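# A look at the structure
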Amino acid sequence: MRIRLVATTAAAAGALAALTAVPAHAAEYNSALKIRGIQYDAPGSDSNRCSTGNTDEEYLTIKNYSRSTTVNLKGYVVKDAAGNKFTFTASHTLQPGDYVKLRGGNGTDSDAGNVVYRDNCNFMWNNDKDTIYVYKPSGSPADVHSYTKSGSDKDGNGYITYHG
């Protein structure tokens, strides 16, 4: 009986060690693309005027965390909790380790500059709290994060980092 108990305890300890060696968030994401960070509150007073506003200072950074897979963003969808959404309609490839900043406002998309504009001068992210969803072209989730200004943004600068 004692041998069986020791073996069972050792097996359980080994399984626990294996579980704790993997970061807690690793199992919940099955996509190379993840949200790296969000500037949910553009610096200064919010102004969504296309010519003089600051919606381009609000952005979401999406990174390809794969070590070997290139990802084309065409067909990926970004949404917020209220259902506002942006769909990448053009090809924009991210090499392993590469990122893109999805900015509000109008501008020229650039692979070299790692930027895509939503071509919409309205703010997408709430300044107090919101949820960010990224969906693959198939419709399956790639990543999701919620934030609150008081709970997630410790330094109060309007920027939150995920997945470092």
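Residues numbered from 1 in each chain as written. Predicted model: local features only at pLDDT ≥ 70, side-chain atom pairs only at ≥ 80, totals over all residues. Heavy atoms only, no water.

Another aspect to go through is the nonpolar core. Judged by nonpolar contacts, the single largest core of 24 residues is most densely connected at Ile38, Leu60, Val78, Phe88 and Trp125. Counting residues per element, the ones that place at least two in this core are strand S1 (33-39), strand S2 (59-64), strand S7 (99-103), strand S9 (129-135) and strand S10 (141-148). Top contributing element to this core by residue count: S1, with 3 residues. When near neighbours in sequence (up to four residues on either side) are disregarded, Ile38 contacts Tyr59, Leu60, Trp125, Ile132, Tyr147, Gly158, Tyr159, Ile160 and Tyr162. (Core = buried A, V, L, I, M, F, W, Y, C linked by side-chain atoms within 4.5 Å. Buried < 20%, exposed > 50% of the residue type's maximum accessible area, 1.4 Å probe, protein only. Helix = DSSP H or I, 4+ residues; strand = E, 2+ residues; numbered from the N terminus. Contact = heavy atoms within 4.5 Å.)

Let's shift gears to the side chain of Glu58. Structurally, the position occupied by Glu58 is in the loop between S1 and S2. Residue class for Glu58 comes out buried when judged on its relative accessible area of 1%. A distance of 3.5 Å separates a polar atom in the side chain of Glu58 from the backbone nitrogen of Trp125. Ignoring any residue separated from it by four or fewer positions in sequence, one finds Glu58 in contact with Gln39, Tyr40, Ala42, Leu102, Arg103, Gly104, Arg118, Phe123, Met124 and Trp125. (Polar contact = N/O pair within 3.5 Å; in protein donor to acceptor, adjacent residues only side chain to side chain.)

In this structure the tally under the stated criterion is 2 salt bridges. With its nearest N and O atoms 3.7 Å apart, the salt bridge here joins Asp41 to Lys149. Of this pair, Asp41 sits in the loop between S1 and S2 while Lys149 sits in helix H2 (residues 149-152), and the two are 108 residues apart along the sequence. Taking the relative accessible area as the measure of exposure, Asp41 reaches 16% and is therefore buried. What makes Lys149 partly exposed here is its relative accessible area of 39%. Glu58 serves as the salt-bridge partner of Arg118, at 3.7 Å between the closest nitrogen and oxygen. With Arg118 in the loop between strand S8 (115-117) and S9 and Glu58 in the loop between S1 and S2, the pair connects residues that are 60 residues apart, well separated along the chain. In terms of burial, Arg118 and Glu58 fall into one category: buried. (Salt bridge = Lys/Arg side-chain N within 4 Å of Asp/Glu carboxyl O.)

So, on to the state of the cysteines. Applying the stated rule across the entire model yields 1 disulfide. Between Cys50 and Cys121 runs a disulfide, and the two sulfur atoms are separated by 2.0 Å. Looking down the S-S bond of the Cys50 and Cys121 bridge, the torsion is 120°, so its handedness is right-handed. Of the two residues, Cys50 sits in the loop between S1 and S2 while Cys121 sits in the loop between S8 and S9, which places them 71 residues apart along the sequence. Classification of Cys50 by relative accessible area gives exposed; the value is 54%. (Disulfide = S-S within 2.5 Å.)

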